[in-house]
Amino acid sequence: MDRIRIVGGATLEGVIPISGAKNAALPLMIASLLTEETLVLENVPRLADVIQLKRILSNHGVDMGVRGRRHGETDTDGETLTLNAKTIVDTTAPYELVSTMRASFWVLGPLVARMGHAKVSLPGGCAIGTRPVDFLLQVLEALGAQIEIDSGYVIATARHGLKGAEINFPKVSVGATHTALMAASLADGVSVISNAAREPEVTDLADLLVKMGAKIEGIGTSTLTVTGVAQLHGATHRVIADRIETGTFALAVAMAGGDVTLQGARTDLLESALDSMRQAGAEIEALPNGIRVSRNGNGLQAVDVTTEAFPGFPTDLQAQFMALATRAQGTSRIRETIFENRFMHVQELARLGARIRLDGDTAFVDGVERLKGAPVMATDLRASVSLVIAALAAEGETVVNRIYHLDRGFERLEHKLSRCGAQIERISG
Ligand SMILES: CC(=O)N[C@H]1[C@@H](OP(=O)(O)OP(=O)(O)OC[C@H]2O[C@@H](n3ccc(=O)[nH]c3=O)[C@H](O)[C@@H]2O)O[C@H](CO)[C@@H](O)[C@@H]1O
Ligand SMILES: C=C(OP(=O)(O)O)C(=O)O
């Protein structure tokens, strides 16, 4: 199993290219199941989750190709993927393929909408809470599908197609909104989705669906009105920049000090997190094609944050922000309101010398003068990278074990950081 070794203390200087967003690329790829025509997706990140979804889609019969590199493109540019689901050969997504990744469950909506039948294993994904799928199933039931659970599989049936409906979510859910958008696009009649997620990845999916011929109003708001169409067609779309990768590298610079341009990053995708970083002592400047982050000399200050649905502070940056707070002056209160068990990084950060107390949904982080390198264990995707951030400022060597979690969501992390001066390397095997 690969590990990452970091020797802390170096400041970061240079340019980091930001990849396409994992959490946008996955639903965009899944949308290929909605049409017989070809989708072209540009700027797809090279990640373990994308490779796994390619396997799942292939199993359904989606033909896939990767377009060769064009003039002027470098190896930091994302892939251009073509996906064609002319013939769906299998409407089952088996446990072996689905169990490692939450987003793979989202094939359920498009399959039942187009084929009238789908059988999908209950999902896996990061172990950060119970993560039920009840809202996703309620969406499909509201649209007229019959749902049955059998031997760990959800079986959805709608022999005569789906019908438009009113859908009102009790809680904001990204995956349930993706499911509602995709299924309602091919349903007969109008669907109104209330309390919809407004995450940029939901907007990216809605924008793609509109290019494919879907009729969606209210994009970017919490009420989406979808008028179903009989068929969708092919389209070309560029995956938005990864706001979580952006925030992660911004926090790495805030932690290590230095001056880095995050190329291709967009401030409008993470205003709330950037504000918290400014309060902590980072300088952040929007550039025409990126964001410049620096911290030179000034110390870090404690900041309180509460995770919320977009446009609030994202739960996917909570662990990384906590890493920064471990070195700030004073006590930071970090409250997690989205997932009930997303604090597994706390005990690993403690191995590096962090002082963190947990009380229910809140972590109290007392900043310390120094962290010291140690062997640590990655427990989930964002927890893994929080350990990397802490290690950048720790004295001596840190080895992060089980980094397969990290490879799910960060493309060439060690290259991107080492190019800016970090002492970081992958140890294979
Ligand atoms: C691949 C992907 O894009 N994953 C993201 C997505 O996950 P995901 O779509 O799984 O997260 P949701 O937005 O659905 O979850 C939000 C909350 O709703 C609850 N819930 C959700 C569905 C449901 O049927 N019942 C239910 O109770 C969840 O347990 C959680 O407490 O959004 C999360 C919240 O921004 C991010 O942390 C994940 O990185
Ligand atoms: C939690 C995440 O992913 P998943 O929903 O696939 O577990 C994440 O991207 O931070």
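Please refer to the structure higher up on the page.
Residues numbered from 1 in each chain as written. Chains lettered and ligands numbered in written order. Predicted model: local features only at pLDDT ≥ 70, side-chain atom pairs only at ≥ 80, totals over all residues. Heavy atoms only, no water.

(A) Broad picture of the site of ligand 1. If you check the shell around ligand 1, you find 20 residues, and the closest are Asp134, Ser173, Val174, Asp316 and Ile338. Measuring from an oxygen atom of ligand 1, one finds a side-chain N or O atom of Asn23 at 3.1 Å. Its free accessible area being 740 Å², ligand 1 has 91% of it covered by the protein chains. Of all the elements in the fold, those that place two or more residues in the shell around ligand 1 are helix H5 (134–142) and helix H6 (174–185). Counting residues per element, the shell around ligand 1 draws most heavily on H5, at three residues. Looking at the shell around ligand 1 residue by residue, the class counts come to 10 nonpolar, four polar and six charged. Residues from two domains meet in the shell around ligand 1; each of domain 1 (3–19 + 241–427) and domain 2 (22–238) gives at least three. (Near = heavy atom within 4 Å. Polar contact = N/O pair within 3.5 Å; in protein donor to acceptor, adjacent residues only side chain to side chain. Areas by Shrake-Rupley, 256 points an atom, 1.4 Å probe, with all protein chains shown as cover. Helix = DSSP H or I, 4+ residues; strand = E, 2+ residues; numbered from the N terminus. Nonpolar A, V, L, I, M, F, W, Y, C, P; charged D, E, K, R; others polar. Domains from an automatic or database assignment.)

(B) Molecular detail of the packing of helix H1 (residues 22–30) against helix H7 (residues 200–211). Running from N to C, H1 and H7 cross one another at 30°; their axes reach a closest spacing of 9 Å. Considering their axes alone, H1 and H7 lie roughly parallel with respect to each other. With respect to the hand of their crossing, H1 and H7 are arranged in right-handed fashion. Along its contact with H1, which presents Asn23, Ala24, Pro27 and Leu28, the element H7 presents Glu201, Asp204, Leu205 and Leu208. Residue composition of the contact of H1 with H7, grouped by class: five nonpolar, one polar and two charged. (Axes fitted to C-alpha atoms, helices over the stretch in contact; angles between N-to-C directions. Parallel < 35°, antiparallel > 145°, perpendicular 65-115°, else oblique. Left-handed = near helix turned anticlockwise from the far one by under 90°. Contact = heavy atoms within 4.5 Å.)

(C) Structural detail: the sheet that holds strand S6 (residues 92–93). The four strands lie next to each other as S6-S7-S9-S8, forming an open sheet whose pairing is mixed. Of all strands in the sheet, those bounded by a partner on one side alone are S6 and strand S8 (146–150). The pairing of S8 with strand S9 (residues 153–157) spans five bridges and is antiparallel. Considered in S9, the bridge of Glu148 is made with Ile155. The strands touched by helix H4 (residues 108–115) within the sheet are strand S7 (117–121) and S9, with S7 carrying the most contacts at an inclination of about 160°. (Pairing = 2+ DSSP bridges.)

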